[in-house]
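Architecture and fold: a report
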Amino acid sequence: METLSLEKRQLCDIQGRLFELALKNEYDCPLFIENFMASILLMLRWPLIT
């Protein structure tokens with residue numbers, strides 16, 4: 001199993017908090033999570049040019 005760097009662990013923590021807030025605010029969590037993860041995949045596939 002891969003050992004996660006500090007940055008990756010911090011991103012996981014932020015992502016978890018975001019999903020907790022979605023649940024707390026009564027969003028459609030499965031749909032929210034699915035759309036969030038799809039957006040991350042799109043960003044990884046087509047990164048913005050800076």
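Refer to the preceding data block for the structure.
To keep things clear, this report deals only with the structure shown in the data block. These figures come from a predicted structure and were not determined experimentally. (Residues numbered from 1 in each chain as written. Predicted model: local features only at pLDDT ≥ 70, side-chain atom pairs only at ≥ 80, totals over all residues. Heavy atoms only, no water.)

**Some thoughts on the overall build of the protein chain**
Of the regular secondary structure elements, the protein chain holds 2 helices and 0 strands. Taking all 50 residues of the protein chain together, the buried fraction comes to 6%. Working note: accessible area of the protein chain is about 5000 Å², and carbon and sulfur atoms make up 65% of it. (Helix = DSSP H or I, 4+ residues; strand = E, 2+ residues; numbered from the N terminus. Buried < 20%, exposed > 50% of the residue type's maximum accessible area, 1.4 Å probe, protein only. Areas by Shrake-Rupley, 256 points an atom, 1.4 Å probe, with all protein chains shown as cover.)

**What about the packing of aromatic side chains?**
The full count for this structure, using the stated rule, is 4 aromatic pairs. Judged by centre distance (6.0 Å) and plane angle (40°), the rings of Tyr27 and Phe32 are tilted. Measuring from ring centre to ring centre gives 6.5 Å for Phe32 and Phe36, while their planes differ by 20°; the resulting arrangement is stacked. Of this pair, Phe32 and Phe36 are both found in helix H2 (residues 29-45), 4 residues apart, which corresponds to roughly one turn of the helix. Exposure remark for Phe32: the relative accessible area of 26% places this residue in the partly exposed category. An aromatic cluster is present here, built from Phe19, Tyr27, Phe32 and Phe36 joined pairwise through their rings. (Phe/Tyr/Trp six-rings, centres within 6.5 Å; stacked < 30°, edge-to-face > 60°.)

**Structural notes on the pattern of salt bridges**
Counted by the stated rule, this structure contains 2 salt bridges. Note that Asp13 is salt-bridged to Arg17, the shortest N-O span being 2.6 Å. Of this pair, Asp13 and Arg17 both sit in helix H1 (residues 6-24), 4 residues apart, which is roughly one turn of the helix. Given a relative accessible area of 37%, Asp13 falls into the partly exposed group. (Salt bridge = Lys/Arg side-chain N within 4 Å of Asp/Glu carboxyl O.)

**Brief notes about unusual backbone geometry**
In this structure, Glu26 takes a positive phi of about 60° despite not being glycine. Tracing the sequence through the fold places Glu26 in the loop between H1 and H2. In this structure Glu26 comes out as exposed when scored by relative accessible area, which is 72%.

Honestly, that's just the spatial picture; any functional story needs more than this.
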